Amino acid sequence: QVSGYTHEEFEKMSALELFGGADRELIAERIGLVFEDGESFAEAAITTKDGNKIPFYFTGKRVVMDGELRLIGMGIDITAQKRADEELATIFKMSTDMICIADINKGVFQKVNPAFGRILGYDEAEVVGAEFLSFNHPDDVEPTNRVVEEQLKRGNTVFSFENRYR
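Rules and cut-offs
- Residues numbered from 1 in each chain as written.
- Predicted model: local features only at pLDDT ≥ 70, side-chain atom pairs only at ≥ 80, totals over all residues.
- Heavy atoms only, no water.
- Helix = DSSP H or I, 4+ residues; strand = E, 2+ residues; numbered from the N terminus.
- Pairing = 2+ DSSP bridges.
- Salt bridge = Lys/Arg side-chain N within 4 Å of Asp/Glu carboxyl O.
- Buried < 20%, exposed > 50% of the residue type's maximum accessible area, 1.4 Å probe, protein only.
- Phe/Tyr/Trp six-rings, centres within 6.5 Å; stacked < 30°, edge-to-face > 60°.
- Lys NZ or Arg CZ within 6 Å of the ring centre and 35° of its normal.
- Expected span 1.5 Å × (residues − 1).
- Axes fitted to C-alpha atoms, helices over the stretch in contact; angles between N-to-C directions.
- Contact = heavy atoms within 4.5 Å.
- Core = buried A, V, L, I, M, F, W, Y, C linked by side-chain atoms within 4.5 Å.

Caption draft 1: Expanded view of unusual backbone geometry. At D66, a residue that is not glycine, the phi angle is positive and equals roughly 50 degrees. Along the chain, the position of D66 falls in the loop between β2 (53–65) and β3 (68–77).

Caption draft 2: Representation of the pairing of strand β4 (residues 100–103). Where β4 lies against strand β5 (residues 108–112), four bridges are found, and the strand directions are antiparallel. Bridge pairing in β5 links D103 to V108. If you look at the hairpin formed by β4 and β5, you'll find four residues sitting between the two strands, and G107 has a positive phi there, around 75 degrees.

Caption draft 3: Region of the structure containing the pairing of β2. In terms of strand pairing, strand β1 (residues 39–47) meets β2 through nine bridges, oriented antiparallel. Bridge assignment links A42 to a residue of β2, and that residue is F58. Counting the residues in the hairpin turn of β1 and β2 gives five residues, including G51, whose phi is positive at 95 degrees. Relative to β3, β2 is paired through 10 bridges, and the arrangement is antiparallel. Residue pairing in the sheet places T59 in a bridge with M74 of β3. The loop that links β2 with its antiparallel partner β3 comprises two residues; one of these, D66, has a positive phi angle of about 50 degrees.

Caption draft 4: Seen up close, the pattern of salt bridges. Counted by the stated rule, this structure contains eight salt bridges. Between D140 and R164 there is a salt bridge, with its nearest N and O atoms 3.0 Å apart. With D140 in the loop between α5 (124–127) and α6 (141–150) and R164 in the segment after α6, the pair connects residues that are 24 residues apart, well separated along the chain. The buried category is assigned to D140, whose relative accessible area is 10%. Of the residues examined, R164 reaches a relative accessible area of 42% and is grouped as partly exposed.

Caption draft 5: Spotlight on the packing of aromatic side chains. Within the structure shown, the criterion is met by eight aromatic pairs. With a centroid separation of 5.5 Å and 20 degrees between ring planes, the pair formed by F56 and F58 is classed as stacked. Under the relative-accessibility criterion, F56 is labelled buried at 9%. Judged by relative accessible area, F58 falls into the buried class, the value being 18%. Seen from their ring centres, F116 and Y165 are 5.8 Å apart, and the 70 degrees between their planes marks the pair as edge-to-face. Of this pair, F116 sits in helix α4 (residues 114–120) while Y165 sits in the segment after α6; the two residues are 49 residues apart in sequence, bridging distant segments of the chain. Seen from the ring of F41, R30 lies directly overhead, with NZ or CZ sitting 5.8 Å from the centre. Above the plane of the ring of F92 lies K111, whose end atom (NZ or CZ) is 4.9 Å from the centre.

Caption draft 6: Region of the structure containing helix α2 (residues 21–37). Compared with an ideal rise of 1.5 Å per residue, which puts 17 residues at 24 Å, α2 spans 24 Å between its outermost C-alpha atoms and is within 8% of the ideal. One or two positions beyond α2, positive phi appears at G38, with a value near 105 degrees.

Caption draft 7: Molecular detail of the sheet that holds β1. The three strands lie next to each other as β1-β2-β3, forming an open sheet whose pairing is antiparallel. In this open sheet, the two strands that pair with only one neighbour each are β1 and β3. In this sheet, adjacent strand axes meet at a mean angle of 30 degrees when their direction is disregarded. Sheet contacts for α2: β1, β2 and β3; angle to β1, the most-contacted strand, approximately 160 degrees.

Caption draft 8: Quick peek at the nonpolar core. In terms of nonpolar packing, the biggest core is built from 10 residues, these being M13, L18, F19, I27, A42, A44, I46, I54, F56 and F58. Taken together, the elements giving at least two residues each to this core come down to β1 and β2. Ignoring sequence-local partners within four residues, the contact set of F56 consists of V2, A42, E43, A44, I46, G75, I76, D77 and I78. V112, L120, V127 and F135 belong to the second-largest nonpolar core, a separate cluster that totals nine residues.

Here it is as structure tokens:
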């Protein structure tokens, strides 16, 4: 139904015929990995009969059936997830508020939005990978560290916390 091919057409096709270009190469590689390593996954777009592309997440597992190695696979349409990811990326980019993603275990920034740089005057390259406590005002390092250790690392949500950045 998703591909637009009839059942008869689909039965005559190889799995790779649903993909084009780099996606076809990726799926061929991942099929090989299933038979080598026992399982694999891939994100690729199928090309429908009418030429539309639909993004999918595929998993494959090697099994023995009737004494032969086989691949059992499953694909999940991730169109809605892709759309949500794009919307979130737009919000992240367009927000006038400072937004960051940090690895609290390593204590480093992983990603910052453009407002972060505009407000503090840093280039993204200066911030990403740097220790987030190094940007705190010296008087705010200990309270910030306490929130990280006592709340965030324990999986608690912190709705309001103030600190000053240099």
